[in-house]
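So the chains spell out like this:
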Amino acid sequence: MSELAPNISDTQPVIRQLDDAAINRIAAGEVVERPASAVKELVENAIDAGAHRIEVAYADGGKTLIRVVDDGCGIIPQALPLALSRHATSKIDGSDLLNIHTFGFRGEALPSLGAVGRLTIISRAVGHDAFEIAVNGGAMSAVKPAALSKGTVVELRDLFFATPARLKFMRTDRAESQAITDVVKRLAMAEPFVGFTLRDVTGGGEGRVTFRADAESGDLFDALYGRLAGIIGREFADNSLRIEAEREGLHLTGFAALPTYSRGSAVTQYLFVNGRPVRDKLLYGALRGAYFDFLSRDRHPAAALFLDCDPQLVDVNVHPAKSEVRFRDPGLARGLIVSALRHALAEAGHRASTTVADATLGAMRPEQTGPARVYQMDRPSQGALRASYQVQAPGFGETAGVFSRVEPLVEEPPAEQFPLGAARGQVHENYIIAQTADGMVIVDQHAAHERLVYEKLKDQMAENGVAAQALLIPEIVELSDNDCARLMEIATDLERLGLGIERFGGGAIAVRETPAILGEVNAKAMLLDILDELTDQGESIALQAKIEAILSRVACHGSIRSGRRMRGEEMNALLREMEATPHSGQCNHGRPTYVELKLADIERLFGRT
């Protein structure tokens, strides 16, 4: 073993008071991690100043230039030197660090930026002339007159020139530019009534606009819908559900996408607390928990959720970059998100993402070998369609063979009365073709019935509970005292799922019952999985996930198989049951159970529009 190398010398250490320059550079290491961090701090200051329009310009990924221009209230000339002092702020008086209604409150950003770069501030408050102040590597200049009509211009050049070692940790200009764009977009989502412009001025001149979001109008949801459509995409907005719920002082709003509009990673998950963008594992865990029954492990939900509450109920001063928060009652916040999302998903019923139909039409669209011909044709009346169908149906039924089968028309309510229409045929003995009021629906009979059976099994389990099987000899699992205590805190919840545990001495848990549906269980591995989730997310759904995975497999084996021929009344009964069953729009793995094609889109395929 190598000889110990003490961190300090053998002589008596001397405690020194660091100078302001060193203190500011240390603070900058926490507050300003990269150029995007500087942009975040400056844009948040602009929002706190009541700006209605904010323009951000950067060069070389923000390494050589960051400029933020706003039309906010500005800073009076006498306060400019104070604004560059540590822990000087207009946003709190210091008496209550929980009653915070602004983005910033520490008074660290501007002095930290001035300590590691060349910072210039030009500001004009109402009733005052414009003045300018500069600070280079911690050295502050005198206040002098300047030209500006309104608001504030903050310009930061040569970031980290005073701490060259930090430059070695910068990423490429492209990566830093992407990080800046992400920061501005998140803040733009939080403030839909504020206009944002992001400009890359690398090489000088006016540069090019890389992102623009004009101020939205209307009520909050209309403004938020428009802003999210412009940032995340119109497809997200069109395939998302409006979320609004309240519980014990917590108010949740936003939009969450349908399960069939899922992503391969968590990049489209945006969470905000009192308007502040956060990356909090408790909230991400709640979002994941709300969708766990509808998506496979390799798919991720898309959502933009805004949680608002009294500032006294949440502590935002627990992270240097304020990207994490701590709730007074974490379980309340998590429960609100999970219940609100599941309620919205249940109300969506059989609805599935329109992107599925778009992909289907894209696959069907033929390659263009020349200018598309447009045919002007009159649409036949509904009476003519029905008469034509009655004449042609028997012939199709006879010639289709084993590949398809058309059901003869029977007396039934018109298709217009049903969202999923009326069954008109079955192709490849697996897909149901139904006619709707304005198009057609193609249903995967196996996937759809599998989801219906699965929902029935879950309802039965919720009503009757999970049957437990008693172990002849209880299994003893040795754990730390802390882990044992955490498991016993949720023992009642585990018992409801069929897992009976109790303390066995100081550092062990006795497992006396396990869920019967799981068969033989490795009790130690299950308890460790539950503990891992408790550590990572604050709550465990491992046991419930295992049980529902078994129910999913049972539903798969108990559902209508591919290759089975179905009669017309069976197909229509399946369609009606899908319309009445929540979550029937996607199978147990998050894939769609049906595709809806609008008549207008079908006619465009044939050039009839």
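One can find the structure itself at the top, above this paragraph.
Not measured: the values here are computed from a predicted model. (Residues numbered from 1 in each chain as written. Predicted model: local features only at pLDDT ≥ 70, side-chain atom pairs only at ≥ 80, totals over all residues. Heavy atoms only, no water.)

### So, the overall build of the protein chain
In terms of regular secondary structure, the protein chain is built from 19 helices and 24 strands. Put simply, the protein chain has 609 residues, and 47% of those count as buried. Considering only contacts within the protein chain whose residues lie at least 6 apart along the sequence, 69% involve residues at least 24 apart. When the accessible surface of the protein chain is summed, it comes to about 30,900 Å², and 52% of that surface belongs to carbon and sulfur atoms. (Helix = DSSP H or I, 4+ residues; strand = E, 2+ residues; numbered from the N terminus. Buried < 20%, exposed > 50% of the residue type's maximum accessible area, 1.4 Å probe, protein only. Contact = heavy atoms within 4.5 Å. Areas by Shrake-Rupley, 256 points an atom, 1.4 Å probe, with all protein chains shown as cover.)

### Overview of the side chain of Glu450
Along the chain, Glu450 falls in helix H13 (residues 445–464). By relative accessible area, Glu450 is classed as buried at 6%. Aside from chain neighbours lying at most four places away, what touches Glu450 is Ser552, Ala555, Cys556, Ser559, Asn588 and His589.

### So, the pattern of salt bridges
Within the structure shown, the criterion is met by 25 salt bridges. A salt bridge links Asp158 to Arg118, with the shortest nitrogen-to-oxygen separation between them at 2.9 Å. Pair noted here: Asp158 is in the loop between strand E7 (151–157) and helix H5 (164–167) and Arg118 is in strand E3 (residues 118–124), with a separation of 40 residues, a long-range link. Asp158 gets classed as partly exposed once you look at its relative accessible area, which sits at 30%. For Arg118, a relative accessible area of 33% puts it in the partly exposed group. Through salt bridges with shared partners, one network takes in Arg564, Arg567, Glu569 and Glu570. (Salt bridge = Lys/Arg side-chain N within 4 Å of Asp/Glu carboxyl O.)

### A short note on the sheet that holds strand E22 (residues 500–503)
Pairing within the open sheet is antiparallel, and its three strands lie in the order E21-E23-E22. Both outer strands of the open sheet, strand E21 (468–478) and E22, are each paired with one neighbouring strand and no more. Taking the axes of each pair of neighbouring strands and ignoring which way they run, one obtains an average angle of 20° across the sheet. With seven bridges joining them, E21 and strand E23 (residues 508–515) adopt antiparallel strand pairing. Opposite Gln469, over in E23, you have Thr514 as the bridge partner. Across the sheet, helix H14 (residues 481–489) is in contact with E22 and E23; its angle to E22 comes to roughly 135°. (Pairing = 2+ DSSP bridges. Axes fitted to C-alpha atoms, helices over the stretch in contact; angles between N-to-C directions.)

### Structural notes on the nonpolar core
Judged by nonpolar contacts, the single largest core of 56 residues is most densely connected at Val43, Ile54, Leu119 and Phe196. Sort the elements by how many residues they give to this core and helix H6 (residues 173–190) lands first, with eight residues. Residue contacts for Val43: discarding those within four places in its chain leaves Ile54, Val56, Val68, Leu187 and Phe196. The next biggest cluster of nonpolar side chains, apart from the first, holds 37 residues, and it includes Val278, Leu282, Leu332 and Ile337. (Core = buried A, V, L, I, M, F, W, Y, C linked by side-chain atoms within 4.5 Å.)

### As for the packing of helix H2 (residues 35–48) against H6
Remark: H2 packs on H6, axes separated minimally by 8 Å, with the N-to-C direction vectors making an angle of 25°. Compared by their axis directions, H2 and H6 come out roughly parallel. The hand of the H2/H6 crossing is right-handed. On the side of H2, the interface is formed by Pro35, Ala36, Val39, Lys40, Val43, Glu44 and Ile47, while H6 contributes Glu176, Ala179, Ile180, Val183, Val184 and Leu187. Looking at side-chain class alone, the contact of H2 with H6 contains 10 nonpolar, no polar and three charged residues. (Parallel < 35°, antiparallel > 145°, perpendicular 65-115°, else oblique. Left-handed = near helix turned anticlockwise from the far one by under 90°. Nonpolar A, V, L, I, M, F, W, Y, C, P; charged D, E, K, R; others polar.)

### A short note on the environment of Ala223
The residue Ala223 is located in helix H7 (residues 220–231) in this model. For the pair formed by Ala223 and Pro192, sequence separation is 31 residues and the distance between their alpha carbons is 5.9 Å. Beyond its immediate stretch of four places on either side in the chain, Ala223 contacts Pro192, Phe193, Glu216 and Ser217.

### A short note on the pairing of strand E12 (residues 269–273)
A large share of E12 lies buried, amounting to five of its five residues. Burial along E12 is two-sided: the face carrying Gln269, Leu271 and Val273 and the face carrying Tyr270 and Phe272 are both buried. Note that E12 and strand E14 (residues 303–308) share five bridges and pair parallel. When the bridges of E14 are listed, Phe272 appears paired with Phe306. Judged from the three bridges that link them, E12 and strand E13 (residues 276–278) form a sheet pairing that is antiparallel. Looking at the pairing, Val273 lines up with Arg276 of E13. If you look at the hairpin formed by E12 and E13, you'll find two residues sitting between the two strands, and Asn274 has a positive phi there, around 50°.

### Section: empty space enclosed by the protein
Inspection of every chain in the model, using the stated rule, returns two cavities of 30 Å³ or more. If you add up the space inside the second largest cavity, you get close to 40 Å³. Considering the residues around the second largest cavity, the lining is formed by Leu252, Leu271, Phe272, Leu283, Leu305, Phe306, Leu307 and Ile337. Of all the elements in the fold, those that place two or more residues in the lining of the second largest cavity are E12 and E14. (1 Å grid on protein atoms, 1.4 Å probe; cavity = no way out; pocket = protein on both sides within 12 Å on 5 of 7 lines; lining within 4 Å. Points joined across faces, edges and corners; volume = space filled by probe spheres on them.)

### Observations regarding the environment of Ala266
As for its placement among the helices and strands, Ala266 is situated in the loop between strand E11 (250–257) and E12. Taking the relative accessible area as the measure of exposure, Ala266 reaches 37% and is therefore partly exposed.

### Some thoughts on the sheet that holds E11
Strand order across the open sheet formed by five strands is E10-E11-E14-E12-E13, with mixed pairing between neighbours. On the outer flanks of this sheet lie strand E10 (240–247) and E13, each paired with one strand and no other. Across the sheet, the mean angle from the axis of one strand to that of its neighbour is 20°, orientation sign disregarded. H6 rests against E12, E13 and E14 of the sheet, and its axis sits at about 55° to E12.

### Notes on unusual backbone geometry
Phi is positive for His428, close to 50°, though the residue is something other than glycine. The topology assignment puts His428 in the loop between strand E18 (422–427) and strand E19 (431–436). Residue Glu429 is not a glycine yet carries a positive backbone phi of 50°. Counting through the fold element by element, Glu429 comes out in the loop between E18 and E19.

### Side note on the packing of aromatic side chains
The final tally for this structure, using the stated rule, is four aromatic pairs. Considering the side-chain rings of Phe221 and Phe255, the 5.9 Å spacing of their centres and the 80° angle between planes classify their relative orientation as edge-to-face. Here Phe221 is found in helix H7, whereas its partner Phe255 is found in strand E11, with 34 residues between them in sequence. Taking relative accessible area as the criterion, Phe255 reaches 7% and is therefore assigned buried. Ring geometry for Phe272 versus Phe306: centroids 4.4 Å apart, planes at 5°, classification stacked. Highlighted residues: Phe272 in strand E12 and Phe306 in strand E14, separated in sequence by 34 residues. These aromatic residues form a ring-pair network of at least three members: Phe221, Tyr225 and Phe255. Cation over ring: Arg242 sits above Phe221, and NZ or CZ is 3.6 Å from the ring centre. Taking NZ or CZ as reference, Arg576 lies 3.7 Å from the ring centre of Phe418, over its face. (Phe/Tyr/Trp six-rings, centres within 6.5 Å; stacked < 30°, edge-to-face > 60°. Lys NZ or Arg CZ within 6 Å of the ring centre and 35° of its normal.)

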